[in-house]
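# Coordinates in review
Letter by letter, the chains look like this.
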Amino acid sequence: GDFVLGGASTYQSLHLDIGGGPIYELEEPPGLAVNYIIEDMSCADGPTRVLPGTQHIPGMPPVLTMEPTSIKEGTLLCPLPAGAAIVRDLRA
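This is a predicted model, so every value here is computed, not measured.

With that settled, consider the state of the cysteines. Under the defined criterion, the tally for this structure stands at 1 disulfide. A sulfur-sulfur separation of 2.1 Å characterises the disulfide bridge that pairs cysteine 43 with cysteine 78. Disulfide cysteine 43 to cysteine 78: torsion about the S-S bond roughly 105 degrees, handedness right-handed. A residue pair is termed long-range when its members are at least 10 positions apart, and cysteine 43 in the loop between strand S1 (32-36) and helix H1 (69-72) and cysteine 78 in the loop between H1 and strand S2 (85-89) qualify at 35 residues. Classification of cysteine 43 as partly exposed rests on a relative accessible area of 36%.

The following block contains the structure:
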């Protein structure tokens, strides 16, 4: 599992938490993750990023340094209060 403390100042590269095979062709997610926010998360805390629709795009996303600006904008889930939860498809 993931555990990120508040005050993290960098983002992870977009990545898959599950991958390979025909998973992109499935309508239902093959697995879900729930990320619980245990302390208030600001946009400066390296928040989770989500790019809608990527669960159906096979292949690896670009590394952080190669991401187009259009991907970086609007993908942040912040600010979030302590106690919030993010439910997500492991393919995205």
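Following the structure, the description resumes.
Moving on to the nonpolar core. Generally speaking, soluble globular proteins have nonpolar side chains that are buried together. Judged by nonpolar contacts, Ile37, Met41, Leu80, Ala84 and Ile86 together constitute the single largest core of 5 residues. Among all residues touching alanine 84, those that are not within four sequence positions of it are Asn35, Tyr36 and Ile37.

We now examine the side chain of aspartate 45. Note that aspartate 45 resides in the loop between S1 and H1. Polar contacts involving the side chain of aspartate 45 include one to the main-chain amide nitrogen of serine 42, which spans 2.9 Å.

Residues of S1 alternate between two faces, with Ala33 and Asn35 buried on one and Leu32, Val34 and Tyr36 left unburied on the opposite face. Pairing of S1 with S2 involves 5 bridges; the strand directions are antiparallel. In the sheet register, asparagine 35 faces S2, and the bridge partner there is isoleucine 86.

A few words now on the environment of proline 61. Along the chain, proline 61 falls in the loop between S1 and H1. Since its relative accessible area comes to 25%, proline 61 is described here as partly exposed. With 46 residues separating them in the primary sequence, proline 61 and histidine 15 have C-alpha atoms 6.3 Å apart. Sequence-distant contacts of proline 61, defined by excluding residues within four places in its chain, comprise Leu14, His15 and Leu16.

Cut-off values and rules
- Residues numbered from 1 in each chain as written.
- Predicted model: local features only at pLDDT ≥ 70, side-chain atom pairs only at ≥ 80, totals over all residues.
- Heavy atoms only, no water.
- Disulfide = S-S within 2.5 Å.
- Helix = DSSP H or I, 4+ residues; strand = E, 2+ residues; numbered from the N terminus.
- Buried < 20%, exposed > 50% of the residue type's maximum accessible area, 1.4 Å probe, protein only.
- Core = buried A, V, L, I, M, F, W, Y, C linked by side-chain atoms within 4.5 Å.
- Contact = heavy atoms within 4.5 Å.
- Polar contact = N/O pair within 3.5 Å; in protein donor to acceptor, adjacent residues only side chain to side chain.
- Pairing = 2+ DSSP bridges.

Keep in mind that these numbers describe shape and distance, not what the molecule does.
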